Amino acid sequence: MATLLESYAAGRWIRAEDEGEPLLDAATGEEVARISSRGLDVAAMVRHARDVGGPAIRALTFHQRAALLKAVAKHLTGVKDELTTLSAHTGATARDTAVDVDGGIGTLFSYASRGTRELPNDTIVLDGGVEQLGKGGTFVGRHVYTSRPGVAVQINAFNFPVWGMLEKLAPAFLAGLPTIVKPASQTAYLTELTVRHILGSGLLPAGALQLISGSAGNLLDELTVQDSIAFTGSAHTAGILRRHPNVVDGGVRLGVEADSLNCSILGPDVRPDDPEFDLFVKGVVTEMTVKAGQKCTAIRRVLVPSGLRDAVIEALGARLSRITVGDPRNPDVRMGPLASLGQRDEVRKAVEALRAGADVVFGDPDGGTVLDGDPERGAFVTPLVLRAASGAPEPHDIEPFGPVSTVLAYADVDEAVTLAARGRGSLVASVVTHDPDVARSVVLGLAPWHGRVLVLDRDDAAESTGHGSPLPTLVHGGPGRAGGGEELGGIRAVLGHLQRTAVQASPDLLTAITGRWTTGAARRESDVHPFRKSLADLRIGDAIRSARRTISLGDIEHFAEFTGDTFYAHTDAEAAARNPLFGGIVAHGYLVVSLAAGLFVEPSPGPVLANFGVDNLRFLTPVKAGDSIAVTLTVTQITPRNTADYGEVRWDALVTNQDDKPVATYDVLTLVAKEWP
Ligand code: NDP
């Protein structure tokens, strides 16, 4: 008998109390593993996540969490071959496995890098600027994001046993949440092996990751207001989860990614000999055959101008007839079987239902040629193209989760958009066009109904990642029927796991709470110039007030000549006098900023290593010849880098004139050594 998969609960691997159900190889029908969660104490898992995992993750800064994700990604890269070999049992070809395994690891790398670059080396995130709430500046507000003391439960579909787990794990972990993974039973052996490798690496804190192999049992009963569920699967199961009392009344957050009738639209501008025609056909065939069409993002509806319908069907047939179907371990096979005989039955049922309003125009719904593999015990379905009248309701309602697409003709762009919208909300649509007007009107029409829209043409095709690939940096999810959830999208997914709170306080207390100096808070000036302090000594609020400097007409003329910026407002007194904003010659904004640097700098070698930029620069009051300026520089944020012997220091720069009016404000960004002898 094949091995019984185990769950990882409360710090140890647990075997079920029974012998479990068999999980079969998709191509041969042989038993790969058995699965059961009978006897698993899910309440203890939730407690362990909350009491052990959560506090351990939240003790780390975002940068430390990102570094661990990167280490896990590297570790999994080292065991990729083992995962790939096991993946063949799911019916995945090498190309399919790359999407799942490499795609999952790539997502970890992407989140590790984004987490380091876009999140602070801290445990809270600030959102937006400071809101002045009182005239005197003693009462201010700011939004902060903090981690929730809860558990992130993920319930995944069978089609991406590795990517499905990692794309949810990465943002949850960065957000400080421990994860409980519940993979779909059918392909759980691959998730289990991946979890074994992650846990075996010893990289993640105890309690950060647990696994349920088998049914979720009463897991949802244990969840409360700080917990969340991210679900991918059928709309039917999503409905069951949505109706759970802890979701309806208990405040448990539920994100859903469910069935989606994605479409691809061939633009009305495209002719059969345009490169876009081939790109369109190739895109549809790719989406029908990668993972044997078992992708939530696959193209189910093929929308084409009515005059090109037959040409498209012919071209699809020509390409699909070159797709060899069979056991994915055979290198000549381009498309593997579906994940299970159950899925094959579902697809056959869906095709039967579609045929009420559509004809099969390519492929054999009852068979087709299969290379290797057992045609009876293997879950093979060969590619099928149907052709439906645009009024037929079925293609907009029935999702055959396999290599099946339906071609529908449209009369004009408005009808194409209307047909797309009949899917009642989808994950992704693509439009293949080289016409800017078509691109804009179709995308604006599709956008309210989709989470992602790909516009493909001859210019982006070579680099395009294709219709069906969710990317870590772009939002994945869709409205309506697609579930209404949103995943990925870079740091958006991390923020989605955090709680945003508006904090109202005095500037001093807001500085203490956020760790970021707030305008109006105390400044600390001393005899030691802050540029002489390393990170070991520098504190938020350390400041320098510079001497004053008068700007002469000669300075302005010199700057104009020296830089070549001879814009009339700096050089032509008569023309400048007619300028409604200035009424005469004014200093260049960049002159003001340059002179300000000269005023605040401490020039000798010291711990300040580099100036790497300026943020939020605004010129507020024009500076005329004879005006004098001074600058106040205050440390607003200190971010040590974990992997370097320096860190980033953000300074608030405020340039004022002789009347104390603000002339310019900006943030100066520097790199400062952690230690300086
Ligand atoms: P299901 O909705 O049946 O299962 C998805 C996940 O939910 C699995 O992990 C499953 O576990 C779990 N689950 C099922 N019932 C419950 C429950 N009552 N409480 C908690 N968890 C539960 O989808 P499948 O994976 O079987 O796929 C079926 C269909 O879903 C496909 O044919 C396709 O139409 C659609 N689908 C959509 C996807 C998308 O991304 N939009 C992706 C994959 C599928 P278990 O496996 O142990 O039952």
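Being a predicted model, the structure only gives us computed values, none of them experimental.

Before going further, it helps to spend a moment on the UniProt feature "domain: Aldehyde dehydrogenase" (unreviewed entry) in the protein. UniProt records the feature "domain: Aldehyde dehydrogenase" (unreviewed entry) at residues 13-443, using the numbering of this structure. From the first C-alpha to the last, residues 13-443 spans 49 Å; its make-up is 38% helix and 19% strand.

Now for the pairing of strand 6 (residues 140-146). Where strand 5 (residues 125-132) lies against strand 6, five bridges are found, and the strand directions are antiparallel. Its bridge partner being in strand 6, Gln 132 is matched across the sheet by Val 140. Here strand 6 runs beside strand 21 (residues 499-505); their pairing, made up of seven bridges, is antiparallel. Bridging from a neighbouring strand, Val 144 pairs with Thr 501 of strand 21.

Quick look at the environment of Lys 182 now. Within the fold, Lys 182 resides in strand 8 (residues 179-182). Along the primary structure Lys 182 and Thr 656 are separated by 474 residues, whereas in three dimensions their C-alpha atoms are 59 Å apart. Ignoring any residue separated from it by four or fewer positions in sequence, one finds Lys 182 in contact with Val 153, Gln 154, Ile 155, Asn 156, Ile 212 and Ala 216.

This brings us to the UniProt feature "domain: MaoC-like" (unreviewed entry) in the protein. Summarizing the sequence annotation, UniProt attributes the feature "domain: MaoC-like" (unreviewed entry) to residues 542-649 in the numbering used throughout. Helix makes up 31% of residues 542-649 and strand 32%, with an end-to-end C-alpha separation of 11 Å.

Turning next to the sheet that holds strand 17 (residues 426-432). The sheet built from seven strands is open, its strands ordered 14-15-16-13-12-17-18 with mixed pairing. Looking at the sheet topology across the chains shown, the edges are occupied by strand 14 (358-362) and strand 18 (450-456). When strand polarity is set aside, the average angle formed by the axes of neighbouring strands in this sheet is 25°. Here helix 12 (residues 413-421) sits on the sheet in contact with strand 12 (263-266), strand 13 (301-305), strand 16 (404-410) and strand 17, set at roughly 145° to strand 16.

With a phi angle near 60°, Arg 424 is a residue other than glycine that sits in the positive phi range. Of the residues examined, Arg 424 has 14 C-beta atoms within 10 Å and is grouped as partly exposed. Unlike most non-glycine residues, Asn 616 shows phi in positive territory, near 55°. One can find Asn 616 in strand 25 (residues 608-619). Taking the C-beta count within 10 Å as the criterion, Asn 616 has 10 such neighbours and is therefore assigned exposed.

So, on to the site of the ligand. Within the structure, the ligand sits among 25 residues, and Ala 157, Gly 233, Ser 234, Thr 237 and Cys 296 are positioned closest to it. Residues that form the shell around the ligand fall into these classes: 10 nonpolar, 10 polar and five charged. Here the shell around the ligand gathers at least three residues from each of two domains, domain 1 (41-257) and domain 2 (262-471).

Tracing the backbone shows Thr 3 in the segment before strand 1 (7-9). As a C-alpha pair, Thr 3 and Val 635 span 632 residues in sequence and 59 Å in three-dimensional space.

Take the domain arrangement of the protein next. On domain assignment, one finds that the protein holds domain 1 (41-257), domain 2 (262-471) and domain 3 (523-673). Averaged C-alpha coordinates put domain 1 and domain 3 at centres separated by 44 Å.

A pair of packed helices is characterised by two quantities: the angle between their axes and the separation of those axes. Interaxial distance between helix 2 (residues 62-78) and helix 5 (residues 163-174) falls to 9 Å at its minimum, and their mutual angle equals 155°. The angle between the axes of helix 2 and helix 5 places the two elements in the roughly antiparallel class. Along its contact with helix 2, which presents Phe 62, Arg 65, Ala 66 and Leu 69, the element helix 5 presents Ala 170, Phe 173 and Leu 174. Across the contact of helix 2 with helix 5, the residue classes tally to six nonpolar, no polar and one charged.

This paragraph deals with the nonpolar core. The biggest cluster of nonpolar side chains holds 147 residues, and the ones touching the most others in it are Leu 69, Leu 303 and Ala 420. If one sorts the elements of this core by residue count, helix 5 sits on top with eight residues. Setting aside residues no more than four positions away along its own chain, Leu 69 makes contact with Leu 108, Tyr 111, Ala 112, Gly 115, Ala 170, Phe 173 and Leu 174.

About the criteria used
Residues numbered from 1 in each chain as written. Predicted model: local features only at pLDDT ≥ 70, side-chain atom pairs only at ≥ 80, totals over all residues. UniProt positions renumbered as here; feature names shortened; annotations may be inferred. Helix = DSSP H or I, 4+ residues; strand = E, 2+ residues; numbered from the N terminus. Pairing = 2+ DSSP bridges. Contact = placed C-beta atoms within 7 Å. Axes fitted to C-alpha atoms, helices over the stretch in contact; angles between N-to-C directions. Buried ≥ 20, exposed ≤ 12 C-beta atoms within 10 Å, placed from the backbone. Near = placed C-beta within 6 Å. Nonpolar A, V, L, I, M, F, W, Y, C, P; charged D, E, K, R; others polar. Domains from an automatic or database assignment. Parallel < 35°, antiparallel > 145°, perpendicular 65-115°, else oblique. Core = buried A, V, L, I, M, F, W, Y, C linked by C-beta atoms within 7 Å.

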